[in-house]
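# Analysis of the macromolecular model
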Amino acid sequence: MTREEFEAAVSEGLDLVPEDLAARMDNVVVLVEDDAPAEDPELLGLYEGVPLTERDHHWAAGSLPDRITIFRNPTLAFCETREEVAEEVAVTVVHEIAHHFGIDDDRLHELGWA
């Protein structure tokens, strides 16, 4: 799967987020990187930032956007078909967006998203 095709899968995953939920996302960017960090090379996605539940009135002063990064090569290595890639990307996108909303891995696991 080319990078362009993978980026399209990420875009399609974002399109699955309900509009009312997407409208509540604040100061966050979604990126695609080929490789995960060296310390966790099998990582499929990563949220970096301050969850909405932890922001206060001081937060906005000069804050950079939160980052959701979806890692292409680990996802491709994890999946066998294009359909599996599309499904895994959608799950990973939802998982990382949940972190933006302050939902931790334990709760995601309870909800069946981890």
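To be clear, the structure that these remarks concern was listed above.
Owing to the predicted nature of the structure, the values given are computational and were not obtained by experimental measurement.

What counts, and at which threshold
Along each chain, residues carry numbers from 1 onward, in the same order as the chain's sequence is written. For a predicted model such as this one, the threshold for reporting local features is a pLDDT of at least 70, and the threshold for listing and counting side-chain atom pairs is 80 or more; totals across whole chains, interfaces and linings nevertheless cover every residue. To get the side-chain values, take all heavy atoms of the structure and skip hydrogens and water. By definition, two strands form a pair when at least two bridges between them are found by DSSP. Strands here are runs of E lasting at least two residues and helices are runs of H or I lasting at least four, both read from the DSSP assignment and numbered beginning at the N terminus. Angles run from 0 to 180 degrees between N-to-C directions of axes, and those axes are lines fitted to C-alpha atoms, restricted for helices to the stretch in contact. A contact between two residues is defined here by any heavy atoms of the two lying within 4.5 Å. Here the expected span of a helix is defined as 1.5 Å times the quantity of residues minus one. Think of it in three bands: residues with accessible area under 20% of the maximum for their type are buried, residues over 50% are exposed, and the middle band is partly exposed, with areas taken using a 1.4 Å probe on protein chains only. Each C-beta atom gives one direction from the helix axis, and the arc is the one those directions make. In protein, a polar contact means a hydrogen-donor-capable atom and an acceptor-capable atom, both N or O and within 3.5 Å, with residues adjacent in sequence counting only if both atoms are side-chain atoms; elsewhere, any N or O pair within 3.5 Å suffices. Throughout this description, the term nonpolar core refers to a set of buried Ala, Val, Leu, Ile, Met, Phe, Trp, Tyr and Cys residues connected via side-chain atoms within 4.5 Å.

Next up on the list: the sheet that holds strand S1 (residues 28–33). One open sheet holds the 3 strands; their spatial order is S1-S3-S2, and the pairing between them is mixed. Edge strands, defined here as strands with exactly one partner in the open sheet, are S1 and strand S2 (45–48). Neighbour-to-neighbour, the strand axes of this sheet turn through a mean angle of 15°, independent of strand direction. Summarising the sheet, S1 and strand S3 (residues 66–71) pair through 6 bridges and their orientation is parallel. Note on S3: the bridge partner recorded for Val30 is Ile68. Together, S1 and S3 form the strand contacts of helix H1 (residues 3–15), whose direction differs from that of S1 by roughly 150°.

On to H1. The first and last C-alpha atoms of H1 sit 18 Å apart over 13 residues, in line with the 18 Å expected at 1.5 Å per residue. Within H1, burial applies to Phe6, Ala9, Val10 and Gly13. Buried residues along H1 cover an arc of 100° about the axis, so they all sit on one side. Exposed and oriented more than 90 degrees from the buried face of H1 are Glu4 and Asp15. Looking at the buried positions of H1, the neighbouring elements they touch are S1, S3, helix H3 (72–78) and helix H4 (82–100).

As a further point, take the environment of Asp66. Considering the arrangement of structural elements, one finds Asp66 in strand S3. The exposure class assigned to Asp66 is buried, which follows from its relative accessible area of 2%. The spacing of Asp66 and Val85 is 19 residues in sequence and 24 Å in space, taken between C-alpha atoms. Not counting the four nearest positions on each side in its chain, Asp66 is found in contact with Asn27, Val28, Val29, Tyr47, Glu48, Gly49, Val50, Arg55, Trp59 and His100. In terms of polar contacts, Asp66 uses its side chain to reach the side chain of Arg55, at 2.6 Å. Among the polar contacts made by the side chain of Asp66, one reaches the side chain of His100 at a distance of 3.2 Å.

For the rest of this paragraph, the subject is the nonpolar core. Among the nonpolar cores identified, the biggest contains 15 residues, and Phe6, Val10, Ile70, Val89, Val93 and Ile97 are the most heavily contacted of them. Secondary structure elements with two or more residues in this core: H1, S3 and H4. Here the element with the most residues in this core is H4; it accounts for 4 residues. With residues near it in sequence (within four places) discarded, Ile97 still touches Leu14, Val17, Met25 and Ile68.

Tracing the backbone through its elements, the reader meets His99 in helix H4. A polar side-chain atom of His99 sits 3.1 Å from a polar atom in the side chain of Asp105. In this structure His99 touches Tyr47, Pro51, Asp104, Asp105 and Leu108, once residues within four positions along its chain are discounted.

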